[in-house]
Amino acid sequence: MRVIRPLILALSAAAAATGEAQCPEGQCESLGDEESSLLQMRGAKEAVSIQEHDHAAAAAGAESDKRPAISMFSGGWKKGGSPSKKQLNANLAAFRALERVELTPAPVLAKNAAGEYELTLQAAELPTPFIGGSYWTRSYNGMIPGPTIVAKPGELLKIRLKNGLAPGPGTEACSTKDKLGFFLNPDAICELNTTNLHVHGLHVSPEGNADNIFVTLHSGEEHLYEIQIPENHMGGTHWYHPHIHHATASQAGGGAHGVIVIEDPAGSVPQVVEDMPHMVMMLSLVNPAKEMRLEAWGLATTQGIVAEQVLWKNTLYPDWQWDFVSGFLIDEMGNVISEGLGLPPYLAVNGQYRPKLTVTEGKWYRMRFVLASLEQLVEIREAELEEEDGQAHCEYQLLSKDGVFLLEAPRSIDKIYLASGSRADVAVRCKCEPGLDYPWETKRPCQATWNFTASWSPMGTLRKSIELESFTDTLLTIQTNSPTEVAEEPDIQPFKVRRPCYLVDMREADVQKSNKHYVNLPQLYPMKVSVDGVGHVWGHKATPPLAQVPVGQIQEWHVVGVMYHPYHVHVNPYQIVSMRNDPWYKVGDFHDTIFPTQAGVATLRTNIDKFTGHMIAHCHILEHEDTGMMGWWNITGTEGTSYAAAKSLDPTCYEGPFPDTNFWGVY
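Residues numbered from 1 in each chain as written. Predicted model: local features only at pLDDT ≥ 70, side-chain atom pairs only at ≥ 80, totals over all residues. Heavy atoms only, no water.

## Concerning the environment of Ser420
With respect to the helices and strands, the residue Ser420 is situated in the loop between strand E19 (416-419) and strand E20 (423-433). For Ser420, a relative accessible area of 0% corresponds to the buried category. Each C-alpha atom, one on Ser420 and one on Gln376, is 5.7 Å from the other, the two residues being 44 residues apart in sequence. Residues in contact with Ser420, not counting those within four places in the same chain, are Leu371, Ser373, Glu375, Gln376, Thr593 and His620. (Helix = DSSP H or I, 4+ residues; strand = E, 2+ residues; numbered from the N terminus. Buried < 20%, exposed > 50% of the residue type's maximum accessible area, 1.4 Å probe, protein only. Contact = heavy atoms within 4.5 Å.)

## Here we look at the pairing of strand E28 (residues 554-560)
Within E28, five of the seven residues are buried, leaving the element largely enclosed by the surrounding structure. Note: strand E24 (residues 516-520) against E28, five bridges, orientation parallel. Bridge pairing in E28 links Tyr518 to His558. Alignment of E28 against strand E33 (residues 601-607), held across seven bridges, turns out to be antiparallel. Counterpart to Val559 in the pairing with E33 is Ala602. (Pairing = 2+ DSSP bridges.)

## A closer look at the packing of aromatic side chains
Summed over the entire model, instances satisfying the criterion amount to 14 aromatic pairs. Aromatic side chains Tyr417 and Tyr585 sit 5.8 Å apart centroid to centroid with 80° between the ring planes, which places their arrangement in the edge-to-face category. Of this pair, Tyr417 sits in strand E19 while Tyr585 sits in the loop between strand E30 (574-579) and strand E31 (590-591), placing them 168 residues apart in sequence. Owing to a relative accessible area of 3%, Tyr585 belongs among the buried residues under this scheme. Put simply, the rings of Trp557, Tyr567, Tyr574 and Trp633 pair up and form one aromatic cluster. When the ring centre of Trp297 is taken as reference, the NZ or CZ atom of Arg293 above it lies at 4.6 Å. (Phe/Tyr/Trp six-rings, centres within 6.5 Å; stacked < 30°, edge-to-face > 60°. Lys NZ or Arg CZ within 6 Å of the ring centre and 35° of its normal.)

## A word on the sheet that holds strand E29 (residues 567-569)
Pairing in this open sheet of five strands is mixed, and the strands run E27-E35-E34-E29-E32 from one edge to the other. Each edge of the open sheet carries a strand with a single partner, namely strand E27 (548-550) and strand E32 (593-594). Relative to E32, E29 is paired through two bridges, and the arrangement is antiparallel. Bridging across to E32, His568 finds its partner in Thr593.

## Brief notes about the sheet that holds E28
Pairing in this open sheet of seven strands is mixed, and the strands run E26-E25-E24-E28-E33-E30-E31 from one edge to the other. A strand with exactly one partner marks an edge of an open sheet, and here the two such strands are strand E26 (534-536) and E31. Both strand E25 (residues 529-531) and E26 contribute to a ladder of three bridges, which runs antiparallel. What sits directly across from Ser530, in E26, is Gly535.

## Regarding unusual backbone geometry
Between Ile144 and Pro145 the backbone carries a cis peptide bond, its omega angle lying at 0°. Within the fold, Pro145 resides in the loop between strand E2 (134-140) and strand E3 (149-151). Each neighbour pair has its own omega, and for Ala409 with Pro410 the value is -5°, a cis peptide bond. Look at Trp312: it is not a glycine, yet its phi comes out positive at around 55°. Tracing the sequence through the fold places Trp312 in the loop between helix H7 (288-299) and strand E10 (321-322). Given the relative accessible area of 0%, Trp312 is considered buried. Although it is not a glycine, Val571 adopts a positive phi angle of roughly 75°. For Val571, a relative accessible area of 5% gives the class buried.

## Some thoughts on the side chain of Gln575
Summarising the element assignment, Gln575 is placed in strand E30. Taking the relative accessible area as the measure of exposure, Gln575 reaches 0% and is therefore buried. From its side chain, Gln575 meets the backbone nitrogen of Met506 in a polar contact 2.8 Å long. Apart from residues no more than four positions distant in its own chain, Gln575 is found in contact with Leu407, Val504, Asp505, Met506, Arg507, Gly588, Asp589, Phe590, Thr603, Leu604 and Arg605. (Polar contact = N/O pair within 3.5 Å; in protein donor to acceptor, adjacent residues only side chain to side chain.)

## Quick notes on the pattern of salt bridges
Overall, the coordinates contain 26 salt bridges when judged by the stated rule. A salt bridge links Arg368 to Asp425; the nearest nitrogen and oxygen atoms lie 3.4 Å apart. In this pair, Arg368 sits in strand E14 (residues 364-373) while Asp425 sits in strand E20, placing the two residues 57 residues apart along the sequence. Considered together, Arg368 and Asp425 belong to a single accessibility category, that of buried residues. The closest approach of N and O atoms between Arg429 and Asp491, which form a salt bridge, is 2.7 Å. In this pair, Arg429 is assigned in strand E20 and Asp491 in the loop between strand E22 (469-480) and strand E23 (495-497), connecting sequence segments 62 residues apart. On the basis of relative accessible area, Arg429 is assigned to the buried category, the value being 5%. Owing to a relative accessible area of 46%, Asp491 belongs among the partly exposed residues under this scheme. Several salt bridges share partner residues, and in doing so they unite Asp264, Arg366, Arg368 and Asp425 into one network. (Salt bridge = Lys/Arg side-chain N within 4 Å of Asp/Glu carboxyl O.)

## Overview of the state of the cysteines
Enumeration over the complete set of coordinates arrives at three disulfides. Shown here is the disulfide that connects Cys394 with Cys430, its sulfur atoms set 2.1 Å apart. In this structure the cystine formed by Cys394 and Cys430 twists about its S-S bond by roughly 95°; its chirality is therefore right-handed. One end of the pair, Cys394, is in strand E16 (residues 391-401); the other, Cys430, is in strand E20, and 36 residues separate them in sequence. You'll find Cys394 and Cys430 in the same group, each marked buried. Linked covalently through their sulfurs, Cys432 and Cys446 form a disulfide whose S-S length is 2.0 Å. One quick way to see it: the torsion about the S-S bond of Cys432 and Cys446 is about -85°, and its sign makes the bridge left-handed. A residue pair is termed long-range when its members are at least 10 positions apart, and Cys432 in strand E20 and Cys446 in the loop between E20 and strand E21 (447-456) qualify at 14 residues. Like Cys446, Cys432 is buried. (Disulfide = S-S within 2.5 Å.)

Here is the structure:
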C-alpha cells in the first residue's frame, strides 16, 4: 500500500465517521478506485487528531465551540464568525505544544510493468496549521509532495502523466485583451484543470515527448513523456511540477510537485560523500490565501460567468471568499480578514509541519533541499543555543546547488538560502555541546532547532507588488539518538569532482560578440523578459523568440533585475561569472535559478549543449510567469552538437558515461 503524506490526512470528523468519499464533488470524475481510496485513508500517528487538538485548545483557555482556529495574522479580526484574538493566541500555543512526529520521506515511486513512472494529477486534502480545517488542492498521486523519482545518467525516463481532474474553465477564463504583463491581474489566470509536466533542472531536450511545456492535457487525458537523460548527466537534485501557462502558480504552488534525484555514478564523488545517508527535504511553502485568489480568478470567465469554487475552500470556513471589488479575502459576514493580507504562508517539510528528525551524533547526512513555492525565498538557520543543557550544534557543508557540484567543495555555510525552485545539497553533522549553565558537562541525547524566515508578497490588490512581508517559524527539530558519546566521522576534505563537458568552468572561455546579450527583467510593468531591448509579454500564444542561439557555443548574458525576479532557464544551467558580493551566490557557481538579495545585476554564461529548440526563460515567482514574464531562446543548429573547446578549458571533462576509474581531486 502506498504511503500518504501527513499533510493530506486531516479529513473532517463527519466524513471520516461516515466513510464517505473524501474527494470534493466534481473533482474526482476521472479517478479509478485505487486513486480514490487513497483519499479515504488516515494515519493515526501521522495526523494531529481533531480530538487532541480540541482538548489542548480547551486546556489553554480557548473559547471555541468548534475545531481550533489557529492564526498568525498581523491585522486582527473583525466581528462575525471568525475567531477572536484570545482564542487564536491560545490555540496557537496549544498547537505548537503538541508532540512533533518523526520526519519521513516521500515514497520513492516504482516503475510499472512497462518501465514507466505513473503520475496522476488529482485532488488531495491539505490541512492548514494556523486556523484549522483544510483545503482541497491539486497533487500528484494524492500526496503532497508527490512521490520521489530516482533515475540514472543515460536512462530513458518514461513518465506517464494522467490528468485526473474534472473539466474546468479553459482559456475563456482569461481575457484576450492587452492587459497581461500587469501583476494581480485576473485576466492572466485560467485553465486551472489543464496540465502538463516540467522536469525542473534536468539537462534534456525541450521538444517532442521530452521536457516540452507546450504539451497540453485536458481532463481525463494522459501522455507518455520519454525523456532521454544524457550519459554524462551530473548526479544531482531536481524536481518536477506542472508548467501549463496561466496555471503554473496555482498547480505547482498549490501542492503538485515532487523530487527527482539523478544518482551519482559510482566513483564520481569521494567515498565519504558516497557513503552518506541521503535525506530528501522537499520544502512546500504554501500560501492558502493567494491560492484562494488564484482559484477564484481562474473560475471567472470574461463573460461574467463564475463557476462554483470547489478547490481552495476551507472546510471549517466554507463561506470565506475572495472579493473582486475590494481585492480582499472576506469572511461569511462580509468582514475583511486580516486587512487584506489574508492567511500567512507556512512551510512544510516532506508534507509535515514542524516535524522532528532523529540523527546519529557525529554522523554526516546528505540532505537534498528543494523549495517548491509560488513565493519568494526561504532562509534556514540553526537557532542560537539557549542557557540550558542538552543542546546540539550542527555543521553545514554545501556540496552542490541546483543539481550541480561546486567547483571546489565543500563550502562551510551558516544558513541555507533557497529561492523559489532552487535546490541545495548540504552535508550536515550534529554534535552535542555543553550547556551554558553547566559548561563542564555535556548531556545526551541533545537537540537543535532549525528556524526559517520566508519572504512573500501580500495578496491585497491595494499593496504594491514589490513590497514584501516576512515571517519566522520553526522548520524542524533535530534530535540525536544516543545517550552516550559516539565517535565522530572524519571531516570532509576539500575535493573537486570530474565534470561532464557541458559543465566545464567557462570563466576563461572566449565568447563571440554575437553570443553576448543584455537581458532585462523589469522591476515594474509590464512584466516580460527582454533581450537587447526587445521583449514581449507571453499571453495566450507563444511569443517570438528572445534571440537565436547556436547549439555548441557559449552564451554570455548580462542580466538586470535578478534582485526582483528569480531568473530561471530550462535545458542548460548557467554559471555566474560576475556579480556583486553576495553571501550565497559566488562567482563560478552553477545554477538554473538565481535570486540574489544584494545584487541586482549578474553576468552569466551558459554552454548551449546538444539540444535544439525552445529554451524557456522566465521569472520563477510563478504568478509573474503566469502573468506573462516568460520568453524562449531559439536554439538553432544540428542536434547533438557540443562545445568543441570544452576540453581546452578542462582536459578531464567527459562526454560519454562517467569513467570506471575513481577520479576526484583532493587538494
